[in-house]
Amino acid sequence: MTTDDPFAAIAASLPSFEEEDEAALTQVLREMSLRDPLRGDPMEIELPTGSVEDVLPGQWRMGFSRYQTGLPLNCPVTPLGKLATLSGTTYFFLDTLGEVAVLGENAGKGNIASLFSGRPKYLEWAWPRLTAPKRKGDPWMVKGWEADEARNDLFAACAYMGTFELEDRVRGRGAWRGDDGGLIFHAGDAVWIDGKWKPPGANGRYIYPGRPKIGRPARGSVPQGEGSPGDILLQGLESWEWERPKLDPRLALGWIMSAMVGGALEQRPVAYVTGTEGAGKSTLQKLFRLLMNGALLATSNTTQAGIYQKVKQDSVAVLVDEMEAKEDTRTTDKILELARVAYSGDKMQRGGKDGVGQEFSVNSSFLMSSIAMPPVDAQDASRMAVLMLRERVKAISVDGVKPVDVMTALGLKDAKKVSLIGSQLLRRLVVWFEIEGNRPRWDKLIDAFRAALLDSGHSDRACDTFGTLAAGYHAALRDTMPDDVELAEWVALLAPNTLTETSGKEKTWRRCFMHLLEAQPETLRNSRVAKSVGAALLSWRDSETGPLDMIFSPDETLRLFGMAISFGRDQHGAPNPQTWQYARLFIPAKHPGLNTLFAGTPWAGRMGAPGPWLGVLRQMPRHLWEPGKCDKGLDRKASGVFIELAEALAHDDVEPMALAA
């Protein structure tokens, strides 16, 4: 390992950001403010024909207004529309910095002045307050501006623009897709659209408001392969003690790349980093923060509401540290729910003030870390790459020679150099999103990895998750599409039957069924016969081989939950033998005992109504169950399902399930 700085040649070849800075709206605002006329003087207005006219204060209504809005041609504030709710009407604008601003129906002079921040002289020109001259023949004097006139014109402009939904039209900082599928990147004070930096504002049907700036893609081309920024970062990631040293660093790099353009992706894989104390989880997150160049929300000990209220309309990454498993899982459950919604960019609805609901989209990639991973439902696990870290082994000196610190040698402990790598990787993604033919190259890259994983036996959801991560890794290191050798390598690393994230996955119906069998409700805890339904069934199955007078009956236990054993009939209508092989477990659609048994689970019901467990159990393969009514017990007309016990317990793609006692 060499200790030479690998960034020296790269950094020396990079030009500055001066060209991009020309798009910064703050600079435009200063220049326009300097051009505003002094009180009472005319303002130069450029007409659509290209000619320039001098227009006196308040005279813009004489042919110098926009037809759609009725405001002056050069108005620095953009009306977006209005929204009427039970609590009143809200008017939406882009202010002089391109930020989304709102005015209430009773907005005063100070609110309007805030809307025109940096352009006070413009208000006096557009809506002048005139005083009569002291002497006949002298011109009227401008003594300020008329707030009522300004408010009336601004509100009318919003009405002409129509209704406006903030959540559907505003795109905050981060990556997005254009109409052609290409990449749009909102850096806060400038927006990359069609290969150029433009000031924040409206583009098509979307609004890109001015926001605090974040890092931009590096200028110029960024090398690929060995010694490239992506390769340097990969070497640094490989210095951690990963549980899967060949796979996990790749997935980590893939997540970084996908998180940089999360808003432009159809699926946003979730990464969960877990490991013991001293494994370097917090150090890893610190590295990721530097790479993102401000395009992220990094937090700990937070809540779901705290995250979406902070992110708002941005599509930046979200890093949550200290997501520890706790007895009360409600907070972590809600954060995982938010990550699940963000995976596909779906919308969430929440109640708002005055009874008006709020809807918002989440387009961020999530990374979470903790020592103990909280319980994760199957629906969340299918969207997640779980990266486990072992405690880092401290290197020792040999013959008085100190060991080389990999991160230091690579320059990855220098914040400026890490930020540079982040901007270079973002540049590589910009290139991968360029249109080739009629599609972005990135979409073709995703298709290649997805097809390979699908052919290897992965589910659609797993292909979406790991195909995106593999594509991100590839984009960091290569300029061309993957060949068959690389695809085969990924297929081997992500083999479905050995991949932790997929090999141990259980169907929801199976988890529900096994909970029914293994749960130990209060009604059975003091039982001398069986502590669970499964234990009662197991005792009966095992007693079948003994003397007839020693055969155990599970009926007493099953009656507590409205369940019963049935044996059905054969194809000729004759009763089947009353043995385990032919046993069918009847599970009713509703019963107080089952409400208690499923309490605290996603399948819990409420008294007097059919429970969710019935619909879930009917998701098992069709040959394992049939609907019907049981003629046993107090309610002989109870409807439910009959489950083939022996077959259901043996049904598994790999090996039969063990029935816990």
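All values reported here derive from a predicted model rather than from experimental measurement.

Relative to the elements of secondary structure, Tyr 582 occurs in the loop between strand E23 (564-566) and strand E24 (584-588). Since its relative accessible area comes to 30%, Tyr 582 is described here as partly exposed. Discounting residues that sit within four places of it in the chain, Tyr 582 has contacts with Ser 566, Phe 567, Asn 576 and Pro 577.

The next subject is empty space enclosed by the protein. Which parts of space are left empty comes out when a probe the size of a water molecule is rolled across the atoms. Scanning all chains against the criterion turns up four cavities of 30 Å³ or more. Within this model, the largest cavity holds a volume of roughly 80 Å³. Along the walls of the largest cavity sit Phe 185, Gly 215, Met 260, Leu 291, Met 292, Asn 293, Ala 295, Gly 422, Ser 423 and Leu 426, which together make up its complete lining. Per-element tally for the lining of the largest cavity: the top contributor is helix H15 (residues 415-432), with three residues. Of the residues assigned to the lining of the largest cavity, the class counts are six nonpolar, four polar and no charged. Each pocket or cavity is described by its volume, and for the second largest cavity that value is around 60 Å³. If you go around the second largest cavity, you meet 13 residues; those closest to its centre are Tyr 308, Val 311, Lys 312, Ser 361 and Val 362. At the level of elements, helix H11 (304-311) and strand E18 (358-361) are the ones that each hand at least two residues to the lining of the second largest cavity. In terms of residue count, H11 provides more of the lining of the second largest cavity than any other element does, three residues in total. When grouped by side-chain class, the residues that make up the lining of the second largest cavity number eight nonpolar, three polar and two charged.

Moving on: the sheet that holds strand E25 (residues 625-629). Within the open sheet, the four strands sit side by side as E23-E24-E26-E25. Their pairing is antiparallel. Since the sheet does not close on itself, it has two edges, and those belong to E23 and E25, each with one partner. On average, adjacent strands in this sheet sit at an angle of 35° to one another, irrespective of strand direction. Strand direction decides the pairing type here: E24 and strand E26 (residues 639-644), joined by five bridges, are antiparallel. Bridged to Leu 585 within E26 is Ile 643.

In terms of residue burial, helix H8 (residues 229-237) counts as a mostly covered element, since eight of its nine residues are buried. Regarding H8, the residues found buried are Pro 229, Gly 230, Asp 231, Ile 232, Leu 233, Leu 234, Gly 236 and Leu 237.

This brings us to H15. End to end, H15 covers 26 Å across 18 residues, agreeing with the expected 26 Å (1.5 Å per residue, within 8%). Taken across its 18 residues, H15 has 13 buried, putting it largely inside the fold. Two or three places before Lys 416, at the start of H15, stands the capping residue Asp 414, its side-chain oxygen 3.0 Å from that residue's backbone nitrogen.

What follows is about the nonpolar core. Formed by 74 residues in total, the largest nonpolar core has its most connected members in Trp 255 and Phe 288. Ignoring any residue separated from it by four or fewer positions in sequence, one finds Trp 255 in contact with Pro 269, Val 270, Ala 271, Phe 288, Met 292, Ala 317, Leu 319, Ser 365, Phe 366, Leu 367 and Leu 469.

Predicted coordinates in regions of low pLDDT should not be interpreted in detail. With 89% of its residues at a pLDDT of 70 or more, the protein chain shows a mean pLDDT of 86. In the model, residues 1-20 has pLDDT below 50 throughout and makes 35 contacts with residues more than four positions away in sequence or in other chains. For residues 653-661, every residue scores under 50 in pLDDT, and the model assigns this stretch 17 contacts once sequence neighbours within four places are set aside.

Turning to the pairing of strand E2 (residues 52-55), a few remarks are in order. As paired strands, strand E1 (residues 43-46) and E2 are joined by four bridges and run antiparallel to one another. If you follow Glu 44 over to E2, its bridge partner there is Asp 54. Here E1 hands over to E2 after five residues, with Gly 50 in that stretch at a positive phi of 100°.

Taken in spatial order, the five strands make up an open sheet running E15-E16-E19-E14-E20, and their pairing is parallel. Looking at the sheet topology across the chains shown, the edges are occupied by strand E15 (296-300) and strand E20 (384-389). Pairs of neighbouring strands in the sheet enclose a mean axial angle of 15°, with direction left out of account. As defined by bridge partners, strand E14 (residues 270-275) adjoins E20 across six bridges and the pair is classed as parallel. Within E20, the position partnered with Val 270 by the bridge is Met 384. Lying over the sheet, helix H12 (residues 330-344) contacts E14, strand E19 (366-370) and E20, oriented at roughly 150° with respect to E19.

Definitions and limits used
- Residues numbered from 1 in each chain as written.
- Predicted model: local features only at pLDDT ≥ 70, side-chain atom pairs only at ≥ 80, totals over all residues.
- Heavy atoms only, no water.
- Helix = DSSP H or I, 4+ residues; strand = E, 2+ residues; numbered from the N terminus.
- Buried < 20%, exposed > 50% of the residue type's maximum accessible area, 1.4 Å probe, protein only.
- Contact = heavy atoms within 4.5 Å.
- 1 Å grid on protein atoms, 1.4 Å probe; cavity = no way out; pocket = protein on both sides within 12 Å on 5 of 7 lines; lining within 4 Å.
- Points joined across faces, edges and corners; volume = space filled by probe spheres on them.
- Nonpolar A, V, L, I, M, F, W, Y, C, P; charged D, E, K, R; others polar.
- Pairing = 2+ DSSP bridges.
- Axes fitted to C-alpha atoms, helices over the stretch in contact; angles between N-to-C directions.
- Expected span 1.5 Å × (residues − 1).
- Polar contact = N/O pair within 3.5 Å; in protein donor to acceptor, adjacent residues only side chain to side chain.
- Core = buried A, V, L, I, M, F, W, Y, C linked by side-chain atoms within 4.5 Å.
- pLDDT = per-residue confidence, 0-100.

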